[in-house]
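# Descriptive analysis of the structure
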Amino acid sequence: MQNKQSTVLRRFMPLIVFAALVIFLAIGLTLNPRLVPSPLIDKPAPEFELPLLYGEGKFTNKDLIGHVTLVNVWASWCFACRQEHEGVKYLSRNGVRIIGFNYKDEPQNAKAWLTKLGNPYQTVVADNDGRVGIDWGVYGAPETFLIDQNGIIRHKVIGPLTSVDQLDDLIEASQKENFDGLLKALKSLKQQLVE
Amino acid sequence: MIPELGHFALIIAFAIAIVQSVVPLIGAAKNDAALISIARPAALVQFLFIGLAYAALTHAFIVHDFSVLYVSQHSNMVQPLMYRISGVWGSHEGSLLLWTLILSIWTIAVAVYSRNLPEILMARVLAVMAMISTGFLAFMLFTSNPFERIFPAPLDGNELNPLLQDPGLAIHPPMLYMGYVGFSVAFAFAVAALLGGKLDATWARWSRPWTTIAWSFLTLGIALGSWWAYNELGWGGWWFWDPVENASFMPWLVGTALIHSLASTEKRGVFKSWTVLLAILAFSLSLLGTFIVRSGVLVSVHAFATDPARGVFILAFLVIVVGGSLALYAWRSATVVSYGRFLWFSRESALLLNNIIFLTAAAAVFVGTMYPLVVDAFGIGKISVGRPYFDTMFSLVAIPLLLLIGIGPVVRWKGDNWSRIARVSAIIFITSLVLGLLLPFLIEEKLNVSTGLGLAGALWVALTTFKDLFIRLSQKVRLPLSYIGMIMAHFGVAIFVAGVTVTMTYSEEKDLRMVPGSSYNISGYDFRFQGVRKVQGANYTADEAVIEIWRDNERSGELLPQKRVYSGKGNPMTDASIDKTLFRDLYAALGEELESGAWSMRVYYKPLIRWIWLGCLFMTAGGVLAVSDRRYRQTVKQKFNLKNSVASST
């Protein structure tokens, strides 16, 4: 009896494992990635002090004040970052101030990545062990924070900002805050993507 | 007009595929010869229509028909002919078409080759393959039609991703697909056998050459992809563990397990249900791989949701194919009895251990690739698993695997004794261990255990393989080609492991800022930067750096890395320049222009890196040799004739 049960289980095991996997995939499919709430929205950017990727010196949250800024979290190991990179470069060319937040990366790999794909960042800060990333509530890369001239986080994009849905949300957020220059650049990027 | 014909041909092929997947099965169930006999002609006609559709899309690319959306997205007026032809599979819709075409080629290869198969089994095999084809054709017709028009048609098209404009990458997807899709044959045989309830050694013999040849294609395809990444991406690496690579690596790992398991089933009638399960798994992973690459599920977790129709279709298709076959397995495998008996120390056990190791490796890759998705589904967060995880997992798997390659082939079927094997292997074991540990000591005058173990592993595999070959040769019996193929593939593993070990330990890479006239020495080679000049290519302009290589005050070569700007888009592409020899590569990639004529540059010294791909070539050749064995010879000849006729008709 015992034996028979175990063979039945053995025969159905592959099917059971597969069914479990399908459930995960199905949940993944219905998940709206834009619904990840961030408790940091409309709060000042968490305090931090990070070394620069290039050259000496530090960058702190005070350096964010004074301009509307996008903080783009990326890493050389991150595949989706490669995808959104053209879009980030496009925004940078159109006058958007973008700070690169190099997340859990080796400086050497990060530099090589930028050398190869181009560097759109005004400054790149290196969070090699991901400590500051935790304070900022970074889930993974890529993520992009929209920060206003007072250093307050206004919006957060999880995943590549070049997907049209993400971009729409970002556009909506910058419209609400009247960031005209950014808005123009974003709309033009969207135009490019749609074409 | 021609694109509409192509579209129409796809619809007809879809209808035929449905007929081919239903009617022969009914025939097999009712034992009705007339219904069964529909399978073969249906396969042929289906192939003709898919070929027609494929030709129509290629035609649209060649004549610059930008009114076809897909063409306008991936081609333009200045794109060279070669990349217009390869542009067909440059993106989602076209690669699905290529996939389906290759599937239909495999299908008729089976139809023509297996004349000596029982008709009922043949009907079932062709029906299963038609089911897969039906799914792909439906996917294309309902969500990803390559023939969709745009109005008004643009005057000029966009451009094929410049990354894809390289001969290596142009032939990479077809090779990979030959492998992926080739596993559909083993899958179809497995499902057909389950349907018929007859799983015996002959079944294993029929599937074996198909599996091996598909595996050879896959090996070659993966090696080409790695070689391309090394040449084109300008990173100097040869494997990145990114989801796209993993997607092709998982079916390879399971396919390798399947080849070995089929050997046990054919020779000794053991592990039957296990082998069937592996055949299902190998193809399921091929399907998953195709979709991962094409749907962008893992490129970003979010991409899945960007086109919900595609995502849902993919999932439904996977559920039907994989879930259906596993349910069939659960239902039918109870009737399968493995009659072979063997002792715990025997060839059978060795092959089983091989399977366990390869499946562990595949599971490790699977977890590393899918984990982020699963974690996301639970809403815990988003995590990316990187290189350290994979590197650790694989060095753990490598040690038992290398040991096993040395022992497995010399252990006898049914049972053997420990002391005999220990006696014949002890000297080689000690020799390779000592030599392996000594080599890094001689090179860098310090003990390097991990490198030493890697080299020892390579030596162990090479020496045991050769020893076995010499013993067999001295027995003056004719060695079957399948045996020589195995020796060759295992020797390829030794070359591969040596290449990986040495490259990983002794490579040197430097990021430099160089002004014209300056030089830099790396591992005894002097890189002398002469300057940068403008170069005009067919559809790009480039900055080309001239770097002379000097060694011992003699000029030994020249590197000309480029930074290209393709005419379609403004983004520059790095084209690395490599000075290649069997024992080392010198590699230079040009970075950005800095102030006052200085350039940033990346230079590498990569010893033995060629051995990585050389090893893969040996494995591929081993597979091809094994299939050419006399047992399968007649079949192979027919298959090649067929391939020729296919090549001339498309």
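All of these numbers come straight from a predicted model, not from anything done at the bench. (Residues numbered from 1 in each chain as written. Chains lettered and ligands numbered in written order. Predicted model: local features only at pLDDT ≥ 70, side-chain atom pairs only at ≥ 80, totals over all residues.)

### Considering the overall build of chain A
The helix and strand tally for chain A stands at six helices and seven strands. Taken from the N to the C terminus, the helices and strands of chain A come in the order α-β-β-β-α-β-α-β-α-β-β-α-α. Relative to its 195 residues, chain A shows a buried fraction of 42%. Of the contacts formed within chain A by residues at least 6 apart in sequence, a portion of 70% connects residues at least 24 apart. (Helix = DSSP H or I, 4+ residues; strand = E, 2+ residues; numbered from the N terminus. Buried ≥ 20, exposed ≤ 12 C-beta atoms within 10 Å, placed from the backbone. Contact = placed C-beta atoms within 7 Å.)

### Notes on the overall build of chain B
In terms of regular secondary structure, chain B is built from 20 helices and 10 strands. Relative to its full complement of 650 residues, chain B shows a buried share of 51%. Excluding contacts between residues fewer than 6 apart, the proportion of contacts in chain B whose partners are at least 24 apart in sequence is 74%.

### Topic: the sheet that holds strand β4 (residues 97–103) of chain A
Residues and elements named next belong to chain A. One open sheet holds the five strands; their spatial order is β5-β4-β3-β6-β7, and the pairing between them is mixed. One side of each edge strand has no neighbouring strand; the edge strands of this open sheet are β5 (123–127) and β7 (153–158). With direction set aside, neighbouring strand axes in the sheet form an average angle of 20°. Bridging between strand β6 (residues 143–147) and β7 involves five bridges; their strand directions are antiparallel. Across the sheet, the residue bridging to Ile147 is Ile153, located in β7. The sheet strands contacting helix α5 (residues 164–176) are β6 and β7, and the helix crosses β7 at an angle near 175°. (Pairing = 2+ DSSP bridges. Axes fitted to C-alpha atoms, helices over the stretch in contact; angles between N-to-C directions.)

### Considering the pairing of strand β6 (residues 562–566) of chain B
Residues and elements named next belong to chain B. Most of β6 is tucked away, with four of its five residues classed as buried. Pairing analysis gives five bridges linking strand β4 (residues 540–551) to β6, with the strands arranged antiparallel. Bridge assignment links Tyr540 to a residue of β6, and that residue is Tyr566.

### What about the pairing of β5 of chain A?
Residues and elements named next belong to chain A. Of all five residues in β5, four are buried; the element is thus mostly enclosed. In this sheet, β5 lies alongside β4 in parallel orientation, the contact comprising five bridges. The partner of Tyr103 across the bridge, within β5, is Asp127.

### Quick word on the domain arrangement of chain B
Accessible area lost when the parts come together is the quantity often used to give the size of an interface. Residues and elements named next belong to chain B. Domain assignment breaks chain B into domain 1 (1–165), domain 2 (182–378) and domain 3 (508–608). Contact residues are listed per partner, giving 21 residues for domain 1 and 18 residues for domain 2. With 10 residues, the top contributor of residues to the side of domain 1 that touches domain 2 is helix α7 (residues 119–143). Among the residues making up the side of domain 1 that touches domain 2, the classes are represented as 14 nonpolar, six polar and one charged. (Domains from an automatic or database assignment. Nonpolar A, V, L, I, M, F, W, Y, C, P; charged D, E, K, R; others polar.)

### As for unusual backbone geometry
Residues and elements named next belong to chain B. Unusually for a residue other than glycine, Asp552 sits at a positive phi of about 50°. By the secondary structure assignment, Asp552 is in the loop between β4 and β5 (554–559). Positive phi is not limited to glycine here, since Leu608 has a value of about 60°. On the secondary structure map, Leu608 appears in the loop between β10 (599–607) and α19 (610–627).

### A look at the packing of helix α1 (residues 2–30) of chain B against helix α3 (residues 39–62) of chain B
Residue and element names in this part refer to chain B. At their nearest, the axes of α1 and α3 sit 8 Å apart, and the two run at 160° to each other. In this view, α1 runs roughly antiparallel relative to α3, as classed from their interaxial angle. Considering the relative orientation of α1 and α3, their crossing is left-handed. Split into classes, the residues belonging to the contact of α1 with α3 amount to 22 nonpolar, four polar and no charged. (Parallel < 35°, antiparallel > 145°, perpendicular 65-115°, else oblique. Left-handed = near helix turned anticlockwise from the far one by under 90°.)

### Structural notes on α3 of chain B
Side chains of residues three or four places apart in an α-helix project in the same direction, reflecting 3.6 residues per turn. In this model, α3 of chain B (24 residues) spans 34 Å end to end at C-alpha, consistent with the 34 Å of a helix rising 1.5 Å per residue. Just beyond α3 of chain B, the residue with positive phi is His64 of chain B, at close to 55°. (Expected span 1.5 Å × (residues − 1).)

### A short note on the packing of helix α8 (residues 167–196) of chain B against helix α10 (residues 243–268) of chain B
Residues and elements named next belong to chain B. Viewed as axis vectors pointing N to C, α8 and α10 meet at an angle of 45°, and their least axial separation amounts to 11 Å. Taken together, the axes of α8 and α10 are oblique relative to one another. Of the two possible hands of crossing, α8 and α10 adopt the one that is left-handed. Contacts between α8 and α10 involve Leu176, Tyr180, Phe183 and Ala186 from the former and Ser248, Pro251, Gly255 and Leu258 from the latter. Broken down by class, the residue content of the contact of α8 with α10 amounts to six nonpolar, two polar and no charged.

### As for the environment of Arg564 of chain B
Residue and element names in this part refer to chain B. Its place among the elements puts Arg564 in strand β6. The exposure class assigned to Arg564 is buried, which follows from the 20 C-beta atoms found within 10 Å. Along the backbone, Arg564 and Thr541 are 23 residues apart, and their C-alpha atoms lie at a distance of 5.7 Å.

### So, the sheet that holds strand β9 (residues 584–593) of chain B
All names here are of chain B. Spatially, β1-β10-β9-β8 is the arrangement adopted by the four strands of the open sheet, whose pairing is antiparallel. Of all strands in the sheet, those with a lone pairing partner are β1 (508–514) and β8 (577–580), marking the two edges. Across the sheet, the mean angle separating the axes of adjacent strands is 15° when strand polarity is ignored. Of the pairings in the sheet, the one linking β1 to β10 comprises seven bridges and is antiparallel in character. Bridge assignment links Glu509 to a residue of β10, and that residue is Tyr604.

### Side note on the nonpolar core
Counting residues in each nonpolar core, the largest one holds 170 residues, and the members touching the most others are Leu126, Ala186 and Val254 of chain B. Broken down by element, the residue count for this core peaks at 18 residues, all from α8 of chain B. Of the domains in this structure, domain 1 (1–165) and domain 2 (182–378) of chain B are the two that each give at least three residues to this core. Not counting chain neighbours up to four residues away, the residues in contact with Val254 of chain B comprise Leu278, Leu281, Ala282, Leu285, Phe358, Leu359 and Ala362 of chain B. The next biggest cluster of nonpolar side chains, apart from the first, holds 47 residues, and it includes Leu53, Cys81, Ala126 and Ile147 of chain A. (Core = buried A, V, L, I, M, F, W, Y, C linked by C-beta atoms within 7 Å.)

### Describing the confidence of the model for chain A
Mean pLDDT for chain A: 81, with 88% of residues reaching 70 or above. Considering each helix and strand of chain A separately, the mean pLDDT is smallest for helix α1 (residues 2–30) of chain A, with a value of 74, and largest for strand β3 (residues 69–74) of chain A, with 92. (pLDDT = per-residue confidence, 0-100.)

### Some details on helix α15 (residues 387–407) of chain B
Residues and elements named next belong to chain B. Between its first and last C-alpha, α15 extends 30 Å over 21 residues, near the 30 Å set by a 1.5 Å rise per residue. At Ala398, α15 is bent by approximately 30°, the largest bend along its length, and proline Pro400 sits one to four residues beyond. Of all the residues in α15, the buried ones are Phe390, Leu401, Leu402, Ile405, Gly406 and Ile407. (Bend = angle between axes of the 7 residues up to and from the residue.)

### Things to note about the environment of Leu582 of chain B
All names here are of chain B. With respect to the secondary-structure elements, Leu582 resides in the loop between β8 and β9. Judged by local crowding, Leu582 falls into the exposed class, with 9 C-beta atoms found within 10 Å. The spatial distance from the C-alpha of Leu582 to the C-alpha of Arg610 is 6.0 Å, given a sequence separation of 28 residues.

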